[in-house]
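This is what each chain is made of:
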Amino acid sequence: MSNSRRLFLKGACAAAVGASGFTIAMARSTTSGDVEPACNYALVHDETKCIGCDACSIACREVNQVPEGVSRLEIEREGPFGEYPNQHFRFTRKSCQHCDDTPCVKVCPTGAAYKDPKTGIVSVDEWKCVGCQYCIAACPYQIRFINPVTKAADKCDFCKETRLKEGQLPACVTACPTKALTFGDITDPQSQVVQVLKSTPSYRSKTDLGTRPKVFRIASQSGEIKL
Amino acid sequence: MSPFHFDSLIWHWPIAIYLFLAGVSAGAICFAVLLKHFKLGRDAYKSGFVQAACLIAPLAVFAGLGILVIDLTKPFDFWKILLFYNPTSVMSVGVAVLMVYQVALFAWLACVFKEPALSWCSGRWPVVEKLFNAIAKHEATITGFLVMLALSLGAYTGFLLSALTTYPMLNNPVLPLLFLVSGLSSGAAGTLLGGVLLKGNPDGKEVHFIHNIEIPMILVEIVLIFTFFAGLILTGGQSQVAAFTAIGEGFWGWIFWAGIVVVGLSMPLAFNLFMKASSKRKFSYVAITASCSLIGVLLLRNFILYTGQMTVA
Ligand code: SF4
Ligand code: SF4
Ligand code: SF4
């Protein structure tokens, strides 16, 4: 009896150590990104140029066939600030940040939420997704939703399946009348995104969470100073 | 902000019930193991309390899994969770634990009910007899694994929520411990309530044994809840906001103070201390105390799930 108990304890300890070691090793290998990506797409939203016309979100809906009631991209409006006639609004972009360290991918039980190692684009495999909504809860930017048609999780994928496939820029970037959006590869020093980011101070949302978002923002001149 | 509908709410009450049932199952089977091991021995299957625990454990885990599957937006694709596996996902690991847990659970049930099961078959199917004997040979190992798996299951329900960085109140290291301990106490309560309903003696040694463990368990739970909120408040920022939204005024504040603190913790504690003094326990005492604990834990799951999602990092 005592012998079998000791044997069991030994076995149990070995199993526990093995299982946790395996999990940690897998976790490290998937998050540390040993594979150098071929490119790493990023987007800059220049809030000083944005006029809140919603051309981007309308184009996104059309090109990516986003059903009514949900959206991959929203322009949030704050304001008005100041007195008539010098009133202004502040517009911020609400869409997937294509985090480099992705909470949504980490929690997905089936691997349906994944980051494309070649482009750094975070997307959803519609077929693999079971709709547990864990990723929706895990995304600190709260931009994921269940697509009412496919019943799978959905979000901005930098137009990977539509415009990028045709070798064109994302729909929202092309649609913007004031050229407030710049899209490109941040690993390429010649790209337009890198030029914009180097010439203008930018910020990113919720960087303290360690998600390393790849949507950069150039802060609007208007708006409140909040503490 | 309405208590059941707000923008940042993703997971609704079915998830709270699932978390509750997983905890009840894990807790009930732990107490069945303890009762068999320390009090009843080979005759365990004759006790109404062990029978209740052995009914509750599998039923609760099935019901919980059923709710989880129905709550998917693509319920018919649930098998993909079993087929694909993501080691960084707490949900994946939890589903794996749940599957192995069920195997260990049934193997252990076979050990406990070997005698009555075999006499019921009365040698009609020799295969069954062989199977039961083969399983019973490894009872010590199965019991050990079952307890480990049950404890993992109890803690997993907390890890599932604490992995969410979005919500500062849920992203909290105390949560898995709190869920484990409250899950164990809900399992104890379920065992007691089921036991007296199955005509177990409300003054039997099983009840005395469980009640002796219940008092320290409730005290630990109180300490953990205190640590949980003290930690949030001392962290400051959005964590502090989340804590005050949860236990401040409003619907969920009431649920916390009246439902969880008074009904779920203080009343069972008071009853238990009172029953220690008066030696004789009656059916109604046991049933009411156990019901209070169960209600408290069910409210705690809902409270944490809803208020946890109210504040975003
Ligand atoms: S913003 Fe949300 S959905 Fe997009 S990559 Fe980051 S965590 Fe995932
Ligand atoms: S909803 Fe789909 S993509 Fe999101 S975590 Fe669940 S299975 Fe993965
Ligand atoms: S990149 Fe494409 S999918 Fe993403 S917001 Fe723009 S248009 Fe929509």
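Structure shown above.
Residues numbered from 1 in each chain as written. Chains lettered and ligands numbered in written order. Predicted model: local features only at pLDDT ≥ 70, side-chain atom pairs only at ≥ 80, totals over all residues. Heavy atoms only, no water.

Engineer: Quick question: what am I supposed to make of the site of ligand 1 here?
Structural biologist: Neighbouring residues of ligand 1: 14 residues in total, closest C96, Q97, C99, C104 and C139 of chain A. For the shell around ligand 1, the residue count by class is nine nonpolar, three polar and two charged. (Near = heavy atom within 4 Å. Nonpolar A, V, L, I, M, F, W, Y, C, P; charged D, E, K, R; others polar.)

Engineer: Whenever I open this one, the interface of chain B and chain A confuses me. Can you help?
Structural biologist: In many analyses, interface size is given as the accessible surface area lost on bringing the parts together. Each side of the interface is counted separately: chain B has 35 residues, and chain A has 38 residues. Interface of chain B and chain A: buried area, both sides summed, is about 3000 Å²; carbon and sulfur atoms make up 66% of it. The three residues of chain B that bury the most area against chain A are T73, K74 and T88 of chain B, which together make up 19% of that side's buried surface. Viewed at the interface, chain A and chain B are joined by 19 residue pairs in polar contact (both at pLDDT 80 or more). Where the side of chain B that touches chain A is concerned, the elements lending two or more residues are α3 (79–83), α4 (90–112) and α7 (139–162) of chain B. (Contact = heavy atoms within 4.5 Å. Buried area = accessible area lost by both parts, 1.4 Å probe. Polar contact = N/O pair within 3.5 Å; in protein donor to acceptor, adjacent residues only side chain to side chain. Helix = DSSP H or I, 4+ residues; strand = E, 2+ residues; numbered from the N terminus.)

Engineer: Looking at this structure, how should I read the packing of helix α9 (residues 205–235) of chain B against helix α10 (residues 237–247) of chain B?
Structural biologist: Each packed pair of helices is defined by two parameters, the angle between the axes and the distance between the axes. Residues and elements named next belong to chain B. Where α9 meets α10, the axes come as close as 6 Å, and the angle between the chain directions of the two elements is 135 degrees. Classified by the angle between their axes, α9 and α10 sit oblique to one another. The handedness of the crossing between α9 and α10 is left-handed. Across from F229, L232, I233 and T235 in α9, the residues of α10 making contact are G237, S239, Q240, A243, F244, A246 and I247. Residue composition of the contact of α9 with α10, by class: seven nonpolar, four polar and no charged. (Axes fitted to C-alpha atoms, helices over the stretch in contact; angles between N-to-C directions. Parallel < 35°, antiparallel > 145°, perpendicular 65-115°, else oblique. Left-handed = near helix turned anticlockwise from the far one by under 90°.)

Engineer: Please clarify how unusual backbone geometry should be interpreted in this entry.
Structural biologist: A negative phi angle is the norm for most residues apart from glycine, just as the trans form is the norm for most peptide bonds. Residue and element names in this part refer to chain A. Residue P80 follows G79 across a cis peptide bond; omega there is 0 degrees. Relative to the helices and strands, P80 resides in strand β2 (residues 74–81). Here the phi dihedral of Q133 falls at roughly 70 degrees; this positive angle occurs in a residue that is not glycine. Mapped onto the fold, Q133 is located in the loop between β5 (122–124) and α4 (134–138). If you check the backbone angles, K206 has positive phi at about 50 degrees while not being a glycine.

Engineer: What's the story with the side chain of K214 of chain A in this structure? I'm lost.
Structural biologist: Residues and elements named next belong to chain A. Examined against the element boundaries, K214 turns out to sit in the loop between α6 (192–199) and β9 (215–218). Here the side chain of K214 touches G120 through a polar contact of 2.9 Å, landing on its backbone oxygen. Among all residues touching K214, those that are not within four sequence positions of it are N40, Y41, A42, L43, Q97, H98, C99, D100, G120 and I186.

Engineer: It is not clear to me how the nonpolar core should be interpreted in this structure. Could you clarify?
Structural biologist: Ranked by internal contacts, the top residues of the largest apolar core, which has 122 residues, are W11, I29, Y101, W108, F229, F303 and I304 of chain B. The dominant element in this core, judged by the number of residues it contributes, is helix α1 (residues 13–40) of chain B, at 17 residues. C99, I121, Y141 and F158 of chain A belong to the second largest nonpolar core, which has 21 residues in total. (Core = buried A, V, L, I, M, F, W, Y, C linked by side-chain atoms within 4.5 Å. Buried < 20%, exposed > 50% of the residue type's maximum accessible area, 1.4 Å probe, protein only.)

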